[in-house]
Amino acid sequence: MSESIHEAGLRLLRHPVRPLLSIVEFILHTGGFATVEEVLALLPESIETESAHYKKARQYLQPYVEELDRFHSRNLGEDLGCPVVLDENGDPVGEAAAGSALLAQRILEKELEQINSLLCGAHTCTLCCTGPDAVMRQDYFDIPLQAGEETLFPKLGWIPAGRPDTALQELDTLAAAWQESQSVAVLATHLQGTSLVLPRLSSCPALDGQGRCSIYEKRPQVCRKPQIFPYLLEQEQDRGPDGRPVYRLRNTLLAVMDCPYVQHLQDDIALYAAASELELVYRRNKA
């Protein structure tokens, strides 16, 4: 009997990849291996860690071979602009520690995107895709977009039309004025960039009639940050003096308590955080 979507998500949550990642990193550091696949082939069929028993252990690492290959060839950071990694005191860490942190951040992001997609799909929840309800204190939710992502919503209007000098704080007034005329999503240009604004009782225009995302494969970057998200590294707003991006070690796992499955799986999430060597922080986004 095949496992359900929820069971698949729960199985992955209860078998975090970072303990296995540490084993592979250690073997790679010993040298003498041409490819990551050679290392994976050496792993035993079953691995027992403090957090979980991994049957067919290699299958948990297989989705991350591309990231491991880039780490092994020492070019993992090239697509990120060769970033600087600082410790919590603001001091640069060594090359090996920086590479390991970048690898873990990338892999945990990918792992949790899959876990969250499975758990969210089982709940058929649209909480992240709708504006405030009638009892919430907010008048709107602001969804920041990356450059070009506004083209995913070609039928939406704009506030203010063509005014990139608007401060983000002014969206309160703008969104309230828009809401008086119609409770539909709208795009806004401001000093910090572009946002999808969801006024009270509105929904993301990408939701289909069944409450599913119709642009899931091309969805905005912010929508890919799931309700359980790793901040092992957090990108600083300012770049370094040489123009390179700067990341700071946070070693944190953020879990958003608005989400139904986060509320129900707090014990499992705590075990995942501990096995992944991350401090668990709970937060609410909506009220």
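This text goes with the structure placed above it.
Cut-off values and rules
- Residues numbered from 1 in each chain as written.
- Predicted model: local features only at pLDDT ≥ 70, side-chain atom pairs only at ≥ 80, totals over all residues.
- Heavy atoms only, no water.
- Buried < 20%, exposed > 50% of the residue type's maximum accessible area, 1.4 Å probe, protein only.
- Helix = DSSP H or I, 4+ residues; strand = E, 2+ residues; numbered from the N terminus.
- Pairing = 2+ DSSP bridges.
- Salt bridge = Lys/Arg side-chain N within 4 Å of Asp/Glu carboxyl O.

### Section: the pairing of strand β5 (residues 186-190)
Counting buried positions along β5 yields five of five residues, so the element is predominantly enclosed. Burial along β5 is two-sided: the face carrying Val186, Ala188 and His190 and the face carrying Leu187 and Thr189 are both buried. Pairing of β5 with strand β6 (residues 193-199), which is carried by five bridges, proceeds in the antiparallel orientation. The residue bridging histidine 190 from the neighbouring strand is glycine 193, located in β6. The hairpin formed by β5 and β6 contains two residues between the paired strands.

### Describing the pattern of salt bridges
As enumerated under the stated definition, the model contains 11 salt bridges in all. Residues lysine 110 and glutamate 67 are paired through a salt bridge, measuring 3.3 Å at the closest nitrogen-oxygen approach. With lysine 110 in helix α6 (residues 95-123) and glutamate 67 in helix α5 (residues 65-72), this residue pair connects regions lying 43 residues apart in the sequence. On the basis of relative accessible area, lysine 110 is assigned to the partly exposed category, the value being 34%. Taking the shortest distance from any N to any O, the salt bridge between glutamate 236 and arginine 250 comes out at 3.9 Å. One end of the pair, glutamate 236, is in the loop between β7 (228-235) and β8 (246-256); the other, arginine 250, is in strand β8, with 14 residues separating them in the sequence. Judged by relative accessible area, glutamate 236 falls into the partly exposed class, the value being 25%. For arginine 250, a relative accessible area of 31% corresponds to the partly exposed category. Here the salt bridges share partners, and the residues they tie into one network are Glu234, Glu236, Arg248 and Arg250.

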